[in-house]
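Below are the chains, spelled out letter by letter.
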Amino acid sequence: MIKDPWNQCLRKIKKKIQPQSFETWFAQTSAKTLTRQEVIIEVPNSFFADWLEEHYTWLIQGTIEEEFSWKPRLIFAIKKTDKSHQVRIDFPRQTEQQQVEESDSPKPRKEISASSSPISLNPRYRFDNFVVGESNEVSFSAAQAVAEAPGQTAFNPLVLYGDVGLGKTHILQAIGDFCLQNRTAQNVVYATAEKFFSDYLAGVERRDTSEFHKLYRNADILLVDDIQFYVKTEACQREFIHTFNTIYQNDKQIVISSDRPPALLEGFEDRLISRFQWGLETEIAAPDLETRKAILRQKAEELAVALPEQVVGILAEEIESNIRELEGVLKRLLAVSNIKNRPITVELAQTICQTRPRSKPAQLSIERIKKATAAFFQVPIDKIVGATRKQEITIARHVGMYLSKSLTGAPLKTIGIQFGNRDHSTVIHACRTVEKKLAGDPGFGDLLTRLENEITR
Ligand code: ADP
Ligand code: MG
């Protein structure tokens, strides 16, 4: 029996990365289990879990392998404390889940989704870390008003619309978080429109929609994200109208997000669109320079890194229209600084900006990236998704996965599936490999920039 194996690993990890990174990401971790089969690492919140998973999986697994010659499955769990932000939405029928939460075991971060299960809120999305500027202040104030008195304001429904990456999901979930923290609503239901309809259709298939109705129609506040993505069948529209009416008539609250104003939603019945206009429609626009800078400072603070003001300026000037991208370059900057073991300087920030993918992520498909990558490396596309381990093909495969991640922001799992049904950890490995190569080989960076330009042209 090895005494405290995780501490042994931590001592090794500490030597491999910058002290600041270690303090930020590892100092608060502990291992619930570390065996040949499985390592469960406890972290303060899901933000840590996401970051560690994306950036340090290779390091953790590599270190465990070095120390013990084990290759366990890596699982992150949220440490159970009474810290307020670890909310999970509870429903009366979910007694099993509640029992799990009340026990001493850490909460599993990702739940296996049963039918009609709620989506849990991401603790990163709160009012207190949302930066308010001219572009979003009306939406923000309306959201706060609604969260303080759900169903009691004139803003019912509240419809927030705007381009991708400008904070719609953040605000929607922040409303839910506020309601739960301040007990202004009990039954907070957050779902993407896609989830809403797939839950409905699952009910129809089982010939029993009662569970679905109970879940959605009993909401004190129903937060429906990305309504533009819903399934446009008549039955689905009818279902949504019924849900809407029930909630509205019970003086409960509805909040909807959309990528365009309701009047421009395609394939929606007029009576649905007119309902969306009963309350308040408000836009979230692209942030101005000062807001972008404030957001960067906020994110840097959350990540516990010191970001020089000049660097803030460079990044904020570079990325004008999408906050998700703004966060993306910041993270990339930190990752590169970490790998190269270099401080965050103006020069480094400039390099990152020069090599950043210039794209509208939403418009790019993984399919297109696969094709372009195959053509660029002159290898057949079926080889890229196939099993061969020949070097030139492996490189093309890694680059394809890396670009799919950075250009589309698609979940690792989705990318893995599209690249020959591979596991998400394979995608992480591919991204790490490419990032390492990028950090060590400027020629490779040029190559990648050329390919990116072709893809996004
Ligand atoms: P959308 O749903 O509109 O596509 P998100 O809500 O997912 O956008 O926002 C993208 C990212 O940008 C998230 O990580 C979010 O936290 C961040 N973000 C957006 N607006 C702000 C803001 N005003 N202050 C802080 N972070 C923001
Ligand atoms: Mg969103």
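Note that the structure is predicted; figures quoted are calculated from it, not measured. (Residues numbered from 1 in each chain as written. Chains lettered and ligands numbered in written order. Predicted model: local features only at pLDDT ≥ 70, side-chain atom pairs only at ≥ 80, totals over all residues. Heavy atoms only, no water.)

Caption draft 1: Focus on the overall build of the protein. Scanning the protein from terminus to terminus reveals 20 helices and nine strands. Taking all 457 residues of the protein together, the buried fraction comes to 50%. Look at the contacts in the protein between residues 6 or more apart in sequence, and 73% of them connect residues 24 or more apart. Taken as a whole, the protein presents about 21,900 Å² of accessible surface, with 48% of it coming from carbon and sulfur. (Helix = DSSP H or I, 4+ residues; strand = E, 2+ residues; numbered from the N terminus. Buried < 20%, exposed > 50% of the residue type's maximum accessible area, 1.4 Å probe, protein only. Contact = heavy atoms within 4.5 Å. Areas by Shrake-Rupley, 256 points an atom, 1.4 Å probe, with all protein chains shown as cover.)

Caption draft 2: Looking closely at the packing of helix α15 (residues 366-377) against helix α17 (residues 391-408). Contact geometry for α15 and α17: axes closest at 9 Å, N-to-C directions at 145 degrees. Where α15 crosses over α17, the two elements pack in a sense that is right-handed. Residues I366, I369, T373 and F377 of α15 pack against I395, A396, V399, G400, L403, S404, L407 and T408 of α17. Here the residues of the contact of α15 with α17 sort into eight nonpolar, four polar and no charged. (Axes fitted to C-alpha atoms, helices over the stretch in contact; angles between N-to-C directions. Left-handed = near helix turned anticlockwise from the far one by under 90°. Nonpolar A, V, L, I, M, F, W, Y, C, P; charged D, E, K, R; others polar.)

Caption draft 3: Expanded view of the environment of A430. Tracing the sequence through the fold places A430 in helix α19 (residues 424-440). For A430, a relative accessible area of 0% puts it in the buried group. As a C-alpha pair, A430 and I395 span 35 residues in sequence and 8.7 Å in three-dimensional space. Setting aside residues up to four positions removed in sequence, A430 forms contacts with H398 and M401.

Caption draft 4: Up close: the site of ligand 1. For ligand 1, the set of nearby residues contains 19 residues, the closest of which are V131, G165, H170, R324 and E327. Contact between ligand 1 and R324: an oxygen atom at 2.8 Å from a side-chain N or O atom of the residue. Contact with the protein chains hides 96% of the accessible area of ligand 1, taken as 560 Å² for the molecule alone. For the shell around ligand 1, the secondary-structure elements that each account for two or more residues are α6 (168-181), α11 (289-302) and α13 (323-340). Here the shell around ligand 1 is built from residues that sort into seven nonpolar, six polar and six charged. Looking at the shell around ligand 1, you find at least three residues from each of domain 2 (122-283) and domain 3 (289-355). (Near = heavy atom within 4 Å. Polar contact = N/O pair within 3.5 Å; in protein donor to acceptor, adjacent residues only side chain to side chain. Domains from an automatic or database assignment.)

Caption draft 5: A look at the sheet that holds strand β8 (residues 253-258). Taken in spatial order, the five strands make up an open sheet running β6-β7-β8-β5-β9, and their pairing is parallel. Edge positions in the open sheet fall to β6 (188-192) and β9 (280-283), since each of these has one partner strand only. Pairs of neighbouring strands in the sheet enclose a mean axial angle of 15 degrees, with direction left out of account. Note: strand β7 (residues 221-225) against β8, four bridges, orientation parallel. Paired with L223 across the two strands is V255, which belongs to β8. Along the sheet, α6 contacts β5 (158-161), β6, β7 and β8; its crossing angle with β7, the most-contacted strand, is approximately 165 degrees. (Pairing = 2+ DSSP bridges.)

Caption draft 6: Broad picture of the packing of aromatic side chains. Here the structure, examined in full by the defined rule, presents 19 aromatic pairs. Ring centres of F244 and W278 lie 5.8 Å apart, and the angle between their planes is 70 degrees; on these two criteria the pair is classed as edge-to-face. A residue pair is termed long-range when its members are at least 10 positions apart, and F244 in helix α9 (residues 234-249) and W278 in the loop between α10 (270-276) and β9 qualify at 34 residues. Against the face of F444 rests K437, its NZ or CZ located 5.1 Å from the ring centre. (Phe/Tyr/Trp six-rings, centres within 6.5 Å; stacked < 30°, edge-to-face > 60°. Lys NZ or Arg CZ within 6 Å of the ring centre and 35° of its normal.)

Caption draft 7: Local environment of the pattern of salt bridges. Enumeration over the complete set of coordinates arrives at 16 salt bridges. For the salt bridge of E38 with R73, the shortest nitrogen-to-oxygen distance reads 2.7 Å. Of this pair, E38 sits in strand β2 (residues 38-43) while R73 sits in strand β3 (residues 73-78), and the two are 35 residues apart along the sequence. Residue R73 is classed as exposed on the basis of its relative accessible area of 52%. Residue K370 pairs with E367 through a salt bridge whose shortest N-O separation is 3.6 Å. Residue K370 and its partner E367 are both found in helix α15; the two are separated by three residues, about one turn of the helix. Accessibility expressed as a relative area gives 36% for E367, which makes it partly exposed. Connected through shared salt-bridge partners, R124, K299 and E327 make up one network. (Salt bridge = Lys/Arg side-chain N within 4 Å of Asp/Glu carboxyl O.)

Caption draft 8: Here's a closer look at the nonpolar core. Residues F26, I60 and I175 are the most contacted members of the largest nonpolar core, which totals 73 residues. Residues within four places of I60 in sequence aside, it is in contact with W6, I13, F26, I41, L74 and F76. One finds I393, M401, F419 and V434 within the second-largest nonpolar core, a separate group that totals 28 residues. (Core = buried A, V, L, I, M, F, W, Y, C linked by side-chain atoms within 4.5 Å.)

Caption draft 9: Structural detail: the side chain of D199. As for its placement among the helices and strands, D199 is situated in helix α7 (residues 193-206). Within polar-contact distance, the side chain of D199 engages the side chain of Y216 at 2.8 Å.

Caption draft 10: Here's a closer look at the pairing of β8. Of all the six residues making up β8, six are buried; the element is thus mostly covered by neighbouring parts of the structure. Residues of β8 alternate between two faces, with Q253, V255 and S257 on one and I254, I256 and S258 on the opposite face, all of them buried. For β5 and β8, the ladder comprises four bridges, and the chain directions are parallel. Across the sheet, the residue bridging to L160 is S257, located in β8.

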